[in-house]
Amino acid sequence: MTSPAPSTAPSTAPPTAAPGVRRSDPLTTPAGAPWDLVVVGGGTAGLVAAHTAAGFGARTLLVERHRTGGDCLWTGCVPSKALLAAAHAAAAARRAPRLGVHVGDVHVDFAAVMRHVHDTIARIEPVDSPERLRGAGVAVAHGDLTLTGPQSAVVDGEPVRFAQALLATGSSPSVPGVPGLAEASPLTSDDVWDLTELPGRLLVLGGGPIGCELGQAFARLGSRVSVVEAGPRVLGPEDAHAAALVRAALRADGVDLREDVSLERVEGVPGDLAAHLSDGSVLHVDRVLVAVGRTPGTHDLGVRAAGVEVRESGHVVVDGALRTTNPRIWAAGDLTGHPAFTHVAGMHGSLAASNAVLGLRRKVRLDTVPRVTYTQPEVASFGVGTETDDPSHTVHRVDATEVDRAVAEGDTDGEVAVVLDGRGRLVGARVVGPRAGEVLAELTLAAQAGVGLRTVAGTIHPYPAWSDGVSKAAVARTREELARPVPATVTRVLARGRRRWVQHRASAAGATPPAR
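Definitions and cut-offs
Residues numbered from 1 in each chain as written. Predicted model: local features only at pLDDT ≥ 70, side-chain atom pairs only at ≥ 80, totals over all residues. Heavy atoms only, no water. Helix = DSSP H or I, 4+ residues; strand = E, 2+ residues; numbered from the N terminus. Buried < 20%, exposed > 50% of the residue type's maximum accessible area, 1.4 Å probe, protein only. Contact = heavy atoms within 4.5 Å. Expected span 1.5 Å × (residues − 1). Phe/Tyr/Trp six-rings, centres within 6.5 Å; stacked < 30°, edge-to-face > 60°. Lys NZ or Arg CZ within 6 Å of the ring centre and 35° of its normal. Patch = residues over 30% accessible without salt bridge, like charges linked within 9 Å, V, L, I, M, F, W, Y side chains within 5 Å. Areas by Shrake-Rupley, 256 points an atom, 1.4 Å probe, with all protein chains shown as cover. Salt bridge = Lys/Arg side-chain N within 4 Å of Asp/Glu carboxyl O. Pairing = 2+ DSSP bridges. Axes fitted to C-alpha atoms, helices over the stretch in contact; angles between N-to-C directions. Parallel < 35°, antiparallel > 145°, perpendicular 65-115°, else oblique. Left-handed = near helix turned anticlockwise from the far one by under 90°. Nonpolar A, V, L, I, M, F, W, Y, C, P; charged D, E, K, R; others polar. Disulfide = S-S within 2.5 Å.

Caption draft 1: Local environment of the overall build of the protein. Scanning the protein from terminus to terminus reveals 13 helices and 22 strands. Here the C-alpha coordinates of the protein stretch approximately 105 × 60 × 45 Å along the principal axes. Scored against the burial criterion, the 516 residues of the protein give a buried share of 46%. By sequence separation, contacts in the protein at least 24 residues apart represent 62% of the contacts at least 6 residues apart.

Dropping the structure here:
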């Protein structure tokens, strides 16, 4: 096939990049027509959206300003769970004597821990790479994209035309304007992975999931950690019982936990910082790690020029199908204001791309979105909380002391709790304990599919597994239903009828059934 002359059409051959330089594909389609879908952002939402659209045969361009993989790969899920694995291993070694296993003093090689973190990123990175995208039929360009109209944009000054676009620019850590904090070079979840030495004294600002996870991890790795939470308790979205279990675990790991206390100012330089708190106390620390929320990445997208409405918070306004106020532009992931989780972003990307490319109107469902805090114990939840004040809701609990696997492993700080509405439908659940995220998955599926706990109770569960708590909760609920007046009367009548039938058959056969 003969390539078109440069003077009449853009070349379809990818430019040759020098070693270490990111290669960008042409910003125009081979035929010069607008792209079917331009995906802005190469994080989880953008990656899934681009793969989905290209899989449907759409001419798809993904534009990423930095590196594909997004926060999940580089600064979020992957590195944090690699760090937690090391921290939990250290804690398990220290707790081993309770099971009769003695390992001596536990030594943490922080440099080796961080090598493990970065090796983990490197092993997963190819899955999210531009090469993988190109292999799936997606064109990839690196640069800053700015919308210039309802169906147009520029990437580093070069024009791009599209039939439809999908915004997936994610979010970044928020740093509050506390006096002196910026001068203290605060760490965030973006750059804490660049540490080469373990901070001797670490202040974690924020007691949400990220603050609790990293606070516990650094404490277990050997830092003297203080966690300061301005709200009345850590893990505010979770119920008081779950928060209490995590609070106790943090303190058992040596964390100095301050709740209902805020940071007022910071003085000094990294290595010699004085953090002044609202209760009048002063913490002397080496570094401050900020984990107080995230800011959507919409401030420099040119959304106004494209007719895309943005809330005061910076989140893009979307409908249930993830379409923005410009019917040609969709949004997915953190910038929508929906729960800022990787699994939500992935589902968003698939749904929004399918709607855009195929003309569907699939709606996103938020009532069964699971969330997990990966502390020890883990806390996993979805839907209506166990502290619901709706009188029609009922809560059924199974304490971890009733789960044989928990007893066998000596890890009984936790429970399984399910929330049912007035019609007996599963509308929420919360699991606290080891592998809580995996245990919650069954309940999330049951709620999503409209499957009642009676079906869960009738399913054979492996034993002894951590999911035994779910099975016990479902069985308890089913027995409660059968104990109600009408079902109880029916079952008694059936039992009596069966007894008489058996006796009649035995009598007719000339045999007397054994006494019971």
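Moving on from the model shown.
Caption draft 2: Spatial organisation of helix α6 (residues 209–221). The terminal C-alpha atoms of α6 lie 18 Å apart, and with 13 residues this matches the ideal 18 Å at 1.5 Å per residue to within 8%. Of all 13 residues in α6, 11 are buried; the element is thus mostly enclosed. Listing the buried residues of α6 in full gives G211, C212, E213, L214, G215, Q216, A217, F218, A219, R220 and L221. Trailing α6 by a residue or two, G222 shows a phi angle of about 125°, which is positive.

Caption draft 3: Spotlight on the packing of aromatic side chains. Counted according to the given criterion, the structure contains 1 aromatic pair. Pairing F110 with F218 gives two aromatic rings, centres 6.3 Å apart and planes at 40°, and the pair type is tilted. With F110 in helix α4 (residues 110–124) and F218 in helix α6, this residue pair connects regions lying 108 residues apart in the sequence. Summarising the burial analysis for this pair, F110 and F218 share the class buried. Cation over ring: R67 sits above W74, and NZ or CZ is 4.1 Å from the ring centre.

Caption draft 4: Spotlight on a nonpolar patch on the surface. Together, F56, L358 and L360 make up a nonpolar patch on the protein surface, roughly 250 Å² of accessible area in all. When you line up the elements, F56 lands in the loop between α1 (44–55) and β2 (60–64).

Caption draft 5: Focus on the pattern of salt bridges. Throughout the structure, instances matching the rule amount to 26 salt bridges. Here D71 ties to R294 by a salt bridge, and the two come within 2.6 Å at their closest N and O atoms. With D71 in helix α2 (residues 70–74) and R294 in strand β16 (residues 294–296), the pair connects residues that are 223 residues apart, well separated along the chain. Among the residues examined, D71 registers a relative accessible area of 31% and is labelled partly exposed. Judged by relative accessible area, which is 29%, R294 ranks as partly exposed. D253 is the partner of R220 in a salt bridge, and the nearest nitrogen-oxygen pair spans 3.0 Å. Here R220, found in helix α6, pairs with D253, found in the loop between α7 (240–252) and β11 (256–259); they are 33 residues apart in sequence, far enough to count as distant. A relative accessible area of 23% means that D253 is categorised as partly exposed.

Caption draft 6: Looking closely at the sheet that holds strand β7 (residues 165–167). Strands sit in the order β3-β2-β1-β7-β17 across an open sheet of 5 strands; the sheet is parallel. The outermost strands of the open sheet, each flanked by one partner alone, are β3 (138–142) and β17 (329–331). Shown here is a sheet whose adjacent strand axes are inclined to one another by a mean of 20°, direction ignored. Here strand β1 (residues 37–40) runs beside β2; their pairing, made up of 4 bridges, is parallel. What sits directly across from V38, in β2, is L61. The strands that α1 touches are β1, β2, β3 and β7; relative to β2, the one it contacts most, it runs at about 165°.

Caption draft 7: Highlighting the packing of helix α3 (residues 77–95) against α4. At a minimum axis separation of 9 Å, α3 and α4 run at an interaxial angle of 140°. In terms of axis orientation, α3 runs oblique to α4. Where α3 crosses over α4, the handedness of that crossing is right-handed. Counting all contacts with α3, which are made through V78, P79, A82, L83 and A86, the residues of α4 involved are V113, M114, H116, V117, T120, I121 and I124. Grouping the amino acids of the contact of α3 with α4 by side-chain chemistry returns 10 nonpolar, 2 polar and no charged.

Caption draft 8: Focus on the state of the cysteines. One pass over the full model with this rule turns up 0 disulfides. Unpaired in this structure, C212 has its nearest cysteine sulfur neighbour in C77, at a distance of 17 Å. For C212, a relative accessible area of 0% translates into the label buried.

Caption draft 9: Summary view of the sheet that holds strand β4 (residues 145–149). Taken together, 3 strands build an open sheet; the order of strands is β4-β5-β6 and the sheet is antiparallel. Edge positions in the sheet fall to β4 and β6 (158–161), since each has one partner strand and no second. The average undirected angle you get between the axes of adjacent strands in this sheet is 35°. The pairing of strand β5 (residues 152–155) with β6 spans 4 bridges and is classified as antiparallel. Note on β6: the bridge partner recorded for S152 is R161.

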